[in-house]
Amino acid sequence: MRRGLTAIDAAMLLVIVILIVQMWLLTATLESYLAGQAGVALPAALISGILSTACVALYLFIRKVDRTVRK
Amino acid sequence: MKTPTKQLWREEFSVFAGEDRYVQRRQFTKFLMLTSVGMFAGNLWILVRSWFSNPRAVFPEQTVARAGEIPVGAVKLFTYPTPQDHCILVHTRSGQYTAFSQKCTHLSCAVYYSAKNDRLECPCHEGYFSVLDGTVLQGPPPRPLPRVQLEQRGDELIAIGMGT
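Summary of the structure given here.

**Section: the overall build of chain B**
Phase 1: When you go through chain B residue by residue, the secondary structure sums to two helices and ten strands.
Phase 2: Going from the N terminus to the C terminus, chain B shows its helices and strands as α-α-β-β-β-β-β-β-β-β-β-β.
Phase 3: Per-residue burial for chain B yields a buried fraction of 24% across its 164 residues.
Phase 4: Considering only residue pairs separated by 6 or more positions, chain B has 33% of its internal contacts joining residues 24 or more positions apart.

What follows is the structure in structure tokens.
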């Protein structure tokens, strides 16, 4: 159970780090867009999509660990 | 069909402290994951807006003022290109006419001309802009003020477009 909790904590920490990066990315993209530089919107959306996918994967990992430990 | 021990409410409201910690972490991570998806949706929204916005829009020509109408150091407020876009025309100390959007690029407060300091000032967070080109001199605004392009035809000042 302790190992399970450690794994969940580590995954949660990663999700938090990813979220901070995404917040920065969204703010920077919005700033650039409002400044008339729309060219950054596509790469930013792609990177944000990859980060979101990583978040979903980590959440699924946490759910899996959670279920395994409870059994 | 699920057995009673596997029902969701029994998992979410466990009587065991150890299991409760799992549920709290899992739910918190679920919330974080949904926030992450929200951030992605925000980025997608900006992308869609950038695809469908037209930066080369045709601006109308609009007479803003007559050349002798505004004394040196005075201003005239007008709207351009739509009635919702408030702008400010300044007759600077050097005798030039310059016009900018009146909306501060920080949090959209209305800027005004300070004749004493010869600059455009935002009263909300003390953001200062150059009256000559709209660049940020001080404060939190991240970008210069959008500039109204002016053309003098005879004694009329005509707005012909917007730029930076």
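**A few points about the sheet that holds strand S2 (residues 75-79) of chain B**
Residues and elements named next belong to chain B.
Phase 1: The strand order across the open sheet formed by six strands is S1-S10-S9-S4-S3-S2, and the pairing between neighbours is antiparallel. Each of the sheet's edge strands pairs with one partner strand only, and the pair in question is strand S1 (62-66) and S2. With strand direction ignored, the average angle separating the axes of adjacent strands in the sheet is 30°.
Phase 2: As paired strands, strand S4 (residues 97-101) and strand S9 (residues 147-153) are joined by two bridges and run antiparallel to one another.

**Notes on helix H1 (residues 2-34) of chain A**
Residues and elements named next belong to chain A.
Phase 1: In this model H1 runs 48 Å from its N-terminal to its C-terminal C-alpha over 33 residues, within 8% of the 48 Å that 1.5 Å per residue would give.
Phase 2: Inspection of H1 places Ile8, Ala11, Val15, Ile18, Gln22, Leu25, Leu26 and Thr29 among the buried residues, and these make up the whole buried set.
Phase 3: In the stretch just after H1, Gly36 is the one whose phi turns positive, near 90°.

**With respect to the interface of chain A and chain B**
Phase 1: Contacts between chain A and chain B engage 36 residues on the former and 26 residues on the latter.
Phase 2: Of all the secondary-structure elements, those providing two or more residues to the side of chain A that touches chain B are H1 and helix H2 (41-70) of chain A.
Phase 3: A per-class count over the side of chain A that touches chain B returns 26 nonpolar, six polar and four charged.

**Some thoughts on the sheet that holds strand S7 (residues 127-130) of chain B**
All names here are of chain B.
Phase 1: The sheet built from four strands is open, its strands ordered S5-S6-S7-S8 with antiparallel pairing. Whereas interior strands pair on both sides, the edge strands pair on one side only; in this sheet they are strand S5 (112-114) and strand S8 (136-138). With strand direction ignored, the average angle separating the axes of adjacent strands in the sheet is 40°.
Phase 2: Two elements, strand S6 (residues 119-122) and S7, share four bridges in a ladder whose sense is antiparallel. Within S7, the residue paired with Cys122 across the bridge is Gly127.

**Observations concerning the nonpolar core**
Phase 1: With 19 residues, the main nonpolar core has B:Cys87, B:Ile88, B:Ala99, B:Phe100, B:Val111 and B:Leu120 as its most contacted residues.
Phase 2: Top element by residues in this core is strand S3 (residues 86-91) of chain B. It accounts for four residues.
Phase 3: Those residues within four positions of B:Leu120 in sequence are excluded, and the remaining contacts are B:Phe100, B:Val111, B:Tyr113, B:Phe129, B:Val131 and B:Leu145.
Phase 4: Residues A:Val15, A:Leu58, A:Ile62 and B:Met33 belong to the second largest nonpolar core, which totals eleven residues.

**Some words on the environment of B:Pro123**
Phase 1: If you trace the backbone, B:Pro123 turns up in the loop between S6 and S7.
Phase 2: Separated by 14 residues in the primary sequence, B:Pro123 and B:Cys109 place their C-alpha atoms 7.7 Å from one another.

**A closer look at the pairing of S4(B)**
Residue and element names in this part refer to chain B.
Phase 1: Burial of S4 is extensive: four of the five residues sit out of reach of the surface.
Phase 2: Both S3 and S4 contribute to a ladder of five bridges, which runs antiparallel. Each residue of the ladder has a partner; that of His91, found in S4, is Tyr97.
Phase 3: Where S3 folds back on S4, the antiparallel hairpin that results is connected by five residues, among which Gly95 adopts a positive phi of roughly 95°.

So, how was this worked out
- Residues numbered from 1 in each chain as written.
- Chains lettered and ligands numbered in written order.
- Predicted model: local features only at pLDDT ≥ 70, side-chain atom pairs only at ≥ 80, totals over all residues.
- Helix = DSSP H or I, 4+ residues; strand = E, 2+ residues; numbered from the N terminus.
- Buried ≥ 20, exposed ≤ 12 C-beta atoms within 10 Å, placed from the backbone.
- Contact = placed C-beta atoms within 7 Å.
- Pairing = 2+ DSSP bridges.
- Axes fitted to C-alpha atoms, helices over the stretch in contact; angles between N-to-C directions.
- Expected span 1.5 Å × (residues − 1).
- Nonpolar A, V, L, I, M, F, W, Y, C, P; charged D, E, K, R; others polar.
- Core = buried A, V, L, I, M, F, W, Y, C linked by C-beta atoms within 7 Å.

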